Amino acid sequence: MVVSTTKSDSEEQLRYTFASRYVRTSLPRFKIPRESMPKDAAFQIVNDELMMDGNPRLNLASFVTTWMEPECDKLIMAALNKNYVDMDEYPVTTELQNRCVNMIAHLFNAPVGDDEKAVGVGTVGSSEAIMLAGLAFKRKWQAKRKAQGKPYDKPNIVTGANVHVCWEKFARYFEVELKEVKLKEGYYVMDPAKAVEMVDENTICVAAILGSTLTGEFEDVKLLNELLMKKNKETGWDTPIHVDAASGGFIAPFLWPELGWDFRLPLVKSINVSGHKYGLVYAGVGWVVWRSKDDLPDELIFHINYLGSDQPTFTLNFSKGSFQIIAQYYQFMRLGFEGFKNIMETCMENAKLLKERISNTGRFEIISKDIGVPLVAFSLKDSSKYTVFQIAESLRRFGWIIPAYTMPPDAEHVTVLRVVIREDFSHGLAERLVSDIEKVVGELEALPARETAVDDQKSVAEGEQKICSYWRRISDKKTSGVC
Ligand SMILES: Cc1ncc(COP(=O)(O)O)c(C=O)c1O
């Protein structure tokens, strides 16, 4: 490669090639290098190192968008240098955000008129959206308890044990106890009856998930609403519901519009959704919408006088990129309801195909449901010779990134593989994946017993336990998991 283009570099260019100059020493890892280097050399070095990353298109562990249309890429590139927080300077970007909030609120059946502004905000992802929604519930509950002269220092949230880790983060950072409804084998979502039983006077909200991270299953928000209304009536409390629709929020309205999970249910006061998942935008955007102004305490809205104008904001951070908001608006405009429906239907069809093919191997039990996020979660019928962790590890050889994990309490003994179907996962790739799974399983079956250390096992069950704990130890050391 040609290293240098500038005049001052030309002398060097005569004497040094890329190989002689930049490949001989290790790359700086701790201190900024003392000298500069030509831009094309810097590009080559960084680019080369990045080749070792996985291929995002084959990353079936993530719900996050990995493909967008080139026209939208153009808009994104043009907006890379816009700081979202400079609202006075970039008023159109702010306006696009507000339009997105209105569109999402209408999609979730918020009680707002056709020309009325909805209450909500764009966030960095569902995690930030959940922090904001949780804070709003906490402040509302505290204000009410203060007014009643009751203690307000022990708030709690009731969720299922399948809740995403960002809820645990919220609980720790904002000092709210997380009361988790345990799962059991064969039932991997929050049981609404058990959740309502756990509600007490300190419960700031019950968080239901529309699209569990682990299995894609939708929780029964309608039943939860019914049972909680009854309990509220009996106790005089008014415990509300938040719906974590990180994945399901852009699926259910298009595929199952009759499903009752959103603001049509009176106790649902706020909903979050990830724009960067089935909102079909690259990483870095989420949304939270509230039922009405009354559900977002005024004291949480900051009015900042920044660079000459008053800006009401409710976010955890200050500066952030603008392109995600612009890209979200592009997707709403470009696809419309029809386009989103089309894409979600295709994803479900591909998930169905994959499910059938995996099921036909005879080796796996399907854990995911037909109504839910388009994904296939499956476990081994027999783990006595090899485990799902070995399958995931071996599939890496072909480039596939598929997570293997254990279920949360009380179903920790169940180990699962999960394949997320996104817009860019085609029929052809599904067929290819199944054929690679078959290849890997065939190889693992042919392995001598030493690999799995079952030679001294007294029974199959004992052997299974050994293998599971061995692989669990390995997987526990890994920092990456399901997201
Ligand atoms: C149910 C659920 N909630 C919250 C999150 C966090 O979302 P984000 O990555 O948009 O912050 C996820 C991520 O997968 C999720 O599945």
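What you see is a predicted model; the values in this text were computed from it and never measured.

Calculation rules
Residues numbered from 1 in each chain as written. Predicted model: local features only at pLDDT ≥ 70, side-chain atom pairs only at ≥ 80, totals over all residues. UniProt positions renumbered as here; feature names shortened; annotations may be inferred. Helix = DSSP H or I, 4+ residues; strand = E, 2+ residues; numbered from the N terminus. Contact = placed C-beta atoms within 7 Å. pLDDT = per-residue confidence, 0-100. Near = placed C-beta within 6 Å. Nonpolar A, V, L, I, M, F, W, Y, C, P; charged D, E, K, R; others polar. Pairing = 2+ DSSP bridges. Axes fitted to C-alpha atoms, helices over the stretch in contact; angles between N-to-C directions. Expected span 1.5 Å × (residues − 1). Buried ≥ 20, exposed ≤ 12 C-beta atoms within 10 Å, placed from the backbone. Arc of directions from axis to C-beta. Right-handed = clockwise from strand over helix to strand, strands pointing away.

(A) A look at the UniProt feature "modified residue: N6-(pyridoxal phosphate)lysine" (unreviewed entry) in the chain. As recorded in UniProt, the sites labelled "modified residue: N6-(pyridoxal phosphate)lysine" (unreviewed entry) are K277. By the secondary structure assignment, K277 is in the loop between β6 (268-274) and β7 (286-290). In this structure, K277 is in contact with F63, V64, A246 and S247, ignoring residues within four places of it in sequence.

(B) Local environment of the confidence of the model for the chain. When pLDDT is averaged along the chain, the result is 90, and 87% of the positions lie at 70 or above. In this model residues 1-5 is a low-confidence stretch, pLDDT under 50, and it forms 16 contacts with partners more than four residues away in sequence or in other chains. This stretch, residues 450-458, has a pLDDT under 50; its non-local contacts, to residues over four places away or in other chains, come to 12 contacts.

(C) Structural view of the site of the ligand. For the ligand, the set of nearby residues contains 15 residues, the closest of which are G125, S126, S127, H164 and A246. In terms of residue class, the shell around the ligand is built from 5 nonpolar, 9 polar and 1 charged.

(D) Just the sheet that holds strand β12 (residues 404-406), in detail. Taking strand neighbours across the sheet as the criterion, the 4 strands line up as β10-β11-β13-β12 in an open arrangement whose pairing is antiparallel. Pairing within the sheet leaves two strands with one partner each, and these edge strands are β10 (364-366) and β12. Here the average twist between neighbouring strands, direction ignored, is 35°. Taken together, the 3 bridges between β10 and strand β11 (residues 375-380) define a ladder with antiparallel strand orientation. Paired with I366 across the bridge in β11 is F378. Together, β10, β11 and β13 (415-420) form the strand contacts of helix α11 (residues 323-360), whose direction differs from that of β11 by roughly 15°. The sheet strands contacting helix α12 (residues 388-395) are β11, β12 and β13, and the helix crosses β13 at an angle near 35°.

(E) Examining helix α13 (residues 427-446) more closely. Spanning 20 residues, α13 covers 29 Å between terminal C-alpha atoms, matching the ideal 28 Å at 1.5 Å per step. Looking only at α13, the buried set comprises A430, L433, I437 and V440. All buried residues of α13 lie within an arc of 90° about the axis, which places them on one face of the element. Away from its buried face by more than 90 degrees, α13 exposes H427, G428, S435, G442 and A446. The inward-facing, buried residues of α13 abut α11, α12 and β13.

(F) Here's a closer look at helix α3 (residues 39-50). A rise of 1.5 Å per residue sets the reference length of α3, with its 12 residues, at 16 Å; its end C-alpha atoms lie 17 Å apart and thus fit the reference within 8%. Summarising burial for α3: 0 of the 12 residues are buried, a small minority.

(G) Representation of the environment of K439 in the model. For K439, the position within the fold is in helix α13. Along the chain, K439 and S394 lie 45 residues apart, while their C-alpha atoms are 9.8 Å from each other.

(H) Highlighting the pairing of strand β4 (residues 203-209). With 7 of its 7 residues buried, β4 lies for the most part within the structure. Where strand β2 (residues 156-160) and β4 come together, 3 bridges link them in parallel fashion. Within the sheet, the bridge partner assigned to N156 lies in β4 and is T203. Read from β4 through helix α9 (residues 221-235) to strand β5 (residues 241-244), the crossover connection turns out right-handed.

(I) Looking closely at the sheet that holds strand β1 (residues 119-123). Spatially, the 7 strands line up as an open sheet ordered β1-β7-β6-β5-β4-β2-β3, and their pairing is mixed. Edge positions in the sheet fall to β1 and β3 (177-181), since each of these pairs with one other strand and no more. Across this sheet, the average inter-strand angle for adjacent strands is 20°, counted without regard to direction. Two strands pair when backbone bridges link them, and β4 and β5 are joined in this way by 4 bridges, in the parallel orientation. By the bridge assignment for β5, A207 is matched with H242.

(J) Main features of unusual backbone geometry. Following P409, the chain continues to D410 via a peptide bond in cis, the omega torsion being 0°. Phi is positive for N109, which is not a glycine, with a value near 60°. Checked against the element boundaries, N109 lands in the loop between α5 (91-107) and β1. For N109, a count of 18 C-beta atoms within 10 Å translates into the label partly exposed. Phi is positive for E175, which is not a glycine, with a value near 50°. Mapped onto the fold, E175 is located in the loop between α7 (165-173) and β3.

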